[in-house]
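Observations on the model geometry
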Amino acid sequence: MHKNIFKKFLLMLMAVPLLAACHGEQVLQESRHSLVEVNGVHLYKDEVDLQLAAAAHDDSVGFVNEYIERWATEQLFYSKATDNVASTSEIESMVENYRKSLILNIYQDKLVEQHLKPSISFAEVLHFYDSNKPLFDADEPLFKGLLLVLPAKAPNLNKVRKWCLDMSPEAMEELETYSAENALTYEYLMDRWYPFADVVKHTPLTESQLMERLSRKSTIEFKEDDKIYLVCSDTILREGDTMPVELVTAEINELLLNSRKADFIKRKKKDLFEEAKAEGIIKFNNRQTVTDELIEK
């Protein structure tokens, strides 16, 4: 039940752009032009003007009419909901808790921004990586290399094979030029790690069949359905292999930074508590009595 109420509260928050106008003056001010009133709540022209400017619709009249109707409907629905909720004390408590949590999070973010060094050195990343390698096992095969699908009668196949084996920048340039004119499919997969499935989907083989062939030879060629398939692997990671550090650096950075933030906030809270205790701001009432009762139990 609590979760359902909280979800409803979050949905209300998401509707802030629409409901923002609901919190204007409930008593009509002479200096403002009221467009519509529902149960004593007014929607003012200046509030609609702000929404209109933000929306930048071509059909301004249509937008305004639709906005007014939605606003009025929301007011009516909110009024009906209020009438049918027996007790709002629980909701008010959750609103206050959410407000408290929001303020705390904003304050913590400001503290971190002002006092905590945001960067993580590569030495820190490498140390964490070396100490926690089981965390970085690949959950799927990964691939670096090339894939070519050519018509059966494609010209200069010997040159293509040579370029694939070479893999130098010059050879890749030649291969790219050739592929633009002759290849049915050309995938350059050398710039980063790609899921092995990205290669498999371009071939008639299954993942296990292609992996088995590449485990015997780094460059394979086969013909099927009047097409020639060339797969040249530079490196392959099997499922369960430890991923290289460059592949997980961003993830480790985030882990370490979040850990550093948590430690920083924990120290700040501890310091604040000790200072308040020393200054007499915190006053313990019957603490020893409660402690003694717990010990006796």
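Preceding this paragraph is the structure being described.
Notes on the structure follow.

**Focus: the overall build of the protein**
A tally of helices and strands in the protein yields twelve helices and six strands. A buried classification covers 29% of the 297 residues belonging to the protein. Partitioning the contacts of the protein with sequence separation of at least 6, the portion at a separation of at least 24 is 66%. By element, 53% of the accessible surface of the protein is carried by carbon and sulfur atoms, the whole surface being about 20,700 Å².

**Focus on the pattern of salt bridges**
Tallied over the full model, the rule gives nine salt bridges. Of the charged contacts, one joins Arg260 and Glu124 as a salt bridge, the two residues approaching to 2.8 Å between their closest N and O atoms. Note that Arg260 is positioned in helix H11 (residues 245–278) and Glu124 in helix H6 (residues 122–131), a separation of 136 residues in sequence. Under the relative-accessibility criterion, Glu124 is labelled partly exposed at 33%. When the shortest N-O distance is used, the salt bridge between Glu274 and Lys270 registers 3.1 Å. Residue Glu274 and its partner Lys270 are located together in helix H11, separated by four residues, close to a single helical turn. With relative accessibility at 48%, the residue Lys270 sits in the partly exposed group. Taken together, the shared-partner salt bridges in this structure form one network comprising Arg32, Asp46 and Glu47.

**Brief notes about the packing of helix H7 (residues 157–166) against helix H8 (residues 169–182)**
It is the contact of H7 with H8, at a shortest axis distance of 8 Å, that shows an interaxial angle of 140°. What the angle tells us is that H7 and H8 run oblique. Crossing of H7 over H8 shows left-handed handedness. In contact with Val160, Trp163, Cys164 and Asp166 of H7, H8 contributes Ala171, Met172, Glu174, Leu175 and Tyr178. Its residues assigned to classes, the contact of H7 with H8 shows seven nonpolar, no polar and two charged.

Procedures and definitions
Residues numbered from 1 in each chain as written. Predicted model: local features only at pLDDT ≥ 70, side-chain atom pairs only at ≥ 80, totals over all residues. Heavy atoms only, no water. Helix = DSSP H or I, 4+ residues; strand = E, 2+ residues; numbered from the N terminus. Buried < 20%, exposed > 50% of the residue type's maximum accessible area, 1.4 Å probe, protein only. Contact = heavy atoms within 4.5 Å. Areas by Shrake-Rupley, 256 points an atom, 1.4 Å probe, with all protein chains shown as cover. Salt bridge = Lys/Arg side-chain N within 4 Å of Asp/Glu carboxyl O. Axes fitted to C-alpha atoms, helices over the stretch in contact; angles between N-to-C directions. Parallel < 35°, antiparallel > 145°, perpendicular 65-115°, else oblique. Left-handed = near helix turned anticlockwise from the far one by under 90°. Nonpolar A, V, L, I, M, F, W, Y, C, P; charged D, E, K, R; others polar.

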